[in-house]
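# Chains, contacts and geometry: an overview
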Amino acid sequence: MTARGSIAELQFGQLARRAGLKPEDFTFVAVGAPNTSYGALISKQVDANMTFEPSSSMCVVLKTCRTLYRAGIATEPPEVVGTNGASVVAVMTRDAIAKSPHVAEALIAAARDAEAFIQAPGNFDELLKIAQGFFKFDMPRGDEIMAVSLKDAVPSYRIPISRPALKQIADNMLATRQVEAVVDTAPLLYEKAP
């Protein structure tokens, strides 16, 4: 796991239960982000990782491991894939929005413009160049890993927040006893949120 108690651990538990196993059947180890979790996997300190990109791309490009499950393209279990579309959000305090609603609206407009650019297939090379201007994968074949990782991630770079996915996250939190009662997610969203 990236960290104990993380969403990765909770989702792994959901996958295990769906397979007729219990999370207690496994030993969970916090191995950090992909750069350290990949090393733990390849050196056989762990048998599997529940992690995030570029882990899968590292396996594909370096041919050292295999990706068994990708929640972003999986069709089940509903507890996991049902969270797609609300896992990464932009937030502002209510006070900041009340004081400067034009800023919130400008951020939404800029995000929509960015999404249009990112989703246009002809822009991929420029998108990759922009991404490489901010960070590099300092490892063998790092540029190729970044390109594969970005290409796999682009379909999920969407601005609208899925209301059903946000509800699924709250339902999962109730099921795993992270919250004690049903959470009404509607008040969590800005009324003009896409």
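Refer to the structure presented above.
Below you will find a few notes about this structure. Values in this document were obtained by computation on a predicted structure and should not be read as measured data. (Residues numbered from 1 in each chain as written. Predicted model: local features only at pLDDT ≥ 70, side-chain atom pairs only at ≥ 80, totals over all residues. Heavy atoms only, no water.)

For the rest of this paragraph, the subject is the overall build of the protein chain. Scanning the protein chain from terminus to terminus reveals 9 helices and 0 strands. Helices and strands in the protein chain line up, N terminus first, as α-α-α-α-α-α-α-α-α. Dimensions of the protein chain along its principal axes, counting C-alpha atoms only, are 50 × 45 × 25 Å. Expressed as a percentage of contacts within the protein chain between residues at least 6 apart in sequence, the contacts between residues at least 24 apart total 57%. Carbon together with sulfur atoms contributes 59% to the accessible area of the protein chain, which is approximately 12,700 Å² in total. In the protein chain, 20 positive and 21 negative side-chain charges are present, and the distance between their average locations comes to 2 Å. (Helix = DSSP H or I, 4+ residues; strand = E, 2+ residues; numbered from the N terminus. Contact = heavy atoms within 4.5 Å. Areas by Shrake-Rupley, 256 points an atom, 1.4 Å probe, with all protein chains shown as cover. Lys, Arg positive; Asp, Glu negative; His and termini not counted. Charge placed at Lys NZ, Arg CZ, Asp CG, Glu CD.)

Here we take up helix α6 (residues 101-119). Along an α-helix, residues three or four apart share an orientation, since each turn contains 3.6 residues. With 19 residues, α6 should reach 27 Å at 1.5 Å per residue; the first-to-last C-alpha distance of 27 Å fits that figure. By the burial criterion, the buried members of α6 are Ala104, Ile108, Glu115, Ile118 and Gln119. Taken end-on, α6 shows its buried residues confined to a sector of 90°, consistent with a single buried face. Turned more than 90 degrees off the buried face of α6, the exposed positions are His102, Asp113 and Ala116. (Expected span 1.5 Å × (residues − 1). Buried < 20%, exposed > 50% of the residue type's maximum accessible area, 1.4 Å probe, protein only. Arc of directions from axis to C-beta.)

With the rule as written, the count across this model stands at 1 disulfide. With its sulfur 1.8 Å from that of its partner, Cys59 forms a disulfide with Cys65. The disulfide joining Cys59 to Cys65 has a torsion of about -95° about its S-S bond and is therefore left-handed. (Disulfide = S-S within 2.5 Å.)

A separate point is the environment of Ser162. The residue Ser162 is located in the loop between α8 (142-153) and α9 (163-175) in this model. In this structure the C-alpha to C-alpha distance between Ser162 and Leu68, which are 94 residues apart in sequence, comes to 26 Å. Apart from residues lying up to four places away in sequence, Ser162 is in contact with Asn84, Gly85 and Ala86. Within the structure, the side chain of Ser162 is placed 3.1 Å from the backbone nitrogen of Ala165, a separation counted as a polar contact. (Polar contact = N/O pair within 3.5 Å; in protein donor to acceptor, adjacent residues only side chain to side chain.)

This part covers helix α1 (residues 7-18). Along its 12 residues, α1 runs 16 Å from first to last C-alpha, staying within 8% of the 16 Å computed at 1.5 Å per residue. When we look at burial in α1, the residues that qualify are Ala8, Glu9, Gln11, Phe12, Gly13, Gln14, Leu15 and Ala16. Of the surrounding elements, those touching the buried residues of α1 are α4 (78-81) and α9.

Packing of helix α3 (residues 55-62) against α8 leaves a shortest axis separation of 9 Å and a crossing angle of 125°. On the basis of the axis angle, α3 is oblique to α8. As for how α3 packs across α8, the hand of that crossing is right-handed. When α3 is examined against α8, the residues Ser57, Met58, Val61 and Leu62 are found in contact with a partner set consisting of Glu144, Ile145, Val148, Ser149 and Asp152. A breakdown of the residues in the contact of α3 with α8 according to their chemical character gives 5 nonpolar, 2 polar and 2 charged. (Axes fitted to C-alpha atoms, helices over the stretch in contact; angles between N-to-C directions. Parallel < 35°, antiparallel > 145°, perpendicular 65-115°, else oblique. Left-handed = near helix turned anticlockwise from the far one by under 90°. Nonpolar A, V, L, I, M, F, W, Y, C, P; charged D, E, K, R; others polar.)

Any two side chains of opposite charge can pair if their charged atoms end up close together. Counted under the stated rule, the structure contains 8 salt bridges. The closest approach of N and O atoms between Arg141 and Glu144, which form a salt bridge, is 2.9 Å. In this structure, Asp171 and Lys167 form a salt bridge, with 2.8 Å as the shortest nitrogen-oxygen distance. Linking Asp171 with Lys167, this pair stays in helix α9, spanning 4 residues, or about one helical turn. The exposure class assigned to Lys167 is partly exposed, which follows from its relative accessible area of 44%. Through salt bridges that share partners, Glu53, Arg70 and Asp152 make up one connected network. (Salt bridge = Lys/Arg side-chain N within 4 Å of Asp/Glu carboxyl O.)

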